[in-house]
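For reference, the chains in residue letters:
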Amino acid sequence: MSEPEWREFVAEGTRTAKVAVTRKDGTPHVTPVWFVLDGDDLVFNTGARTVKGRALRREPRVSLCVEDDTPPYSFVTIHGEAELSEDVDAMLPLSIRIGARYMGDERGEEFGRRNAVPGELLIRVRVRDVIAQRDLAD
């Protein structure tokens, strides 16, 4: 996929990103997250004390995969570096956008306010490399 194509793909609908980080002991950890694209970055929230939050604070390199699991199957894998912010005021507008994407505009603010609180992190992934393949089964 071209850059505009993979950006459209990851922004479509309510696909989640599966985020891969490395635990302190070196084992991988993968979890789904809600996210949005914000300019050139991919943005999501997580708790500061979660495995993701602690791992990204220690090692900011991260990989994410967004997939379409229906035939003919497509995916985008993003490798990047995470920047962490605990600034609740800066977090709120993006948290609302994320909430609206997955829960609809009518509930976006509710979910955004729930996630933009002390103890939460805003993770901004600076995209470094993308692998994007469409229609694998064709």
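This structure is a prediction, so every number in the text was calculated from the model and none was measured.

## Some words on the packing of aromatic side chains
Under the criterion given, the structure shown has two aromatic pairs. Considering the side-chain rings of W34 and F111, the 5.8 Å spacing of their centres and the 50° angle between planes classify their relative orientation as tilted. On the criterion of sequence distance, the pair formed by W34 in the loop between β2 (28-33) and β3 (36-38) and F111 in helix α4 (residues 105-115) is long-range, its members being 77 residues apart. Joined through ring pairs, the aromatic side chains of W34, Y102 and F111 make up one cluster. Geometry around F9 places R15 over its ring, the cationic atom sitting 4.0 Å from the centre.

## Brief notes about the UniProt feature "domain: Pyridoxamine 5'-phosphate oxidase N-terminal" (unreviewed entry) in the protein chain
According to UniProt, the "domain: Pyridoxamine 5'-phosphate oxidase N-terminal" (unreviewed entry) feature falls on residues 3-130. Helix and strand shares over residues 3-130 are 34% and 41% respectively, and the end C-alpha atoms of the span are 9 Å apart.

## Side note on α4
Taken as a whole, α4 has its buried residues at G108, F111, G112 and N115. The buried side chains of α4 occupy one side of the element, clustering within an arc of 105° when seen end-on. Turned more than 90 degrees from where α4 packs its buried face, E106 and R114 sit exposed. Where the residues of α4 are buried, they touch β4 (41-47), α3 (88-103) and β7 (120-133).

## Concerning the layout of surface pockets
Estimated volume of the largest pocket: approximately 150 Å³. Surrounding the largest pocket, P32, V33, W34, F44, N45, T46, K52, I98, R114, N115 and E120 form its lining. Put simply, the parts of the chain that give the lining of the largest pocket at least two residues each are β2, β4 and α4. The element contributing the most residues to the lining of the largest pocket is β4, with three residues. Class assignment for the residues of the lining of the largest pocket results in five nonpolar, three polar and three charged.

Rules behind the numbers
- Residues numbered from 1 in each chain as written.
- Predicted model: local features only at pLDDT ≥ 70, side-chain atom pairs only at ≥ 80, totals over all residues.
- Heavy atoms only, no water.
- Phe/Tyr/Trp six-rings, centres within 6.5 Å; stacked < 30°, edge-to-face > 60°.
- Helix = DSSP H or I, 4+ residues; strand = E, 2+ residues; numbered from the N terminus.
- Lys NZ or Arg CZ within 6 Å of the ring centre and 35° of its normal.
- UniProt positions renumbered as here; feature names shortened; annotations may be inferred.
- Buried < 20%, exposed > 50% of the residue type's maximum accessible area, 1.4 Å probe, protein only.
- Arc of directions from axis to C-beta.
- Contact = heavy atoms within 4.5 Å.
- 1 Å grid on protein atoms, 1.4 Å probe; cavity = no way out; pocket = protein on both sides within 12 Å on 5 of 7 lines; lining within 4 Å.
- Points joined across faces, edges and corners; volume = space filled by probe spheres on them.
- Nonpolar A, V, L, I, M, F, W, Y, C, P; charged D, E, K, R; others polar.

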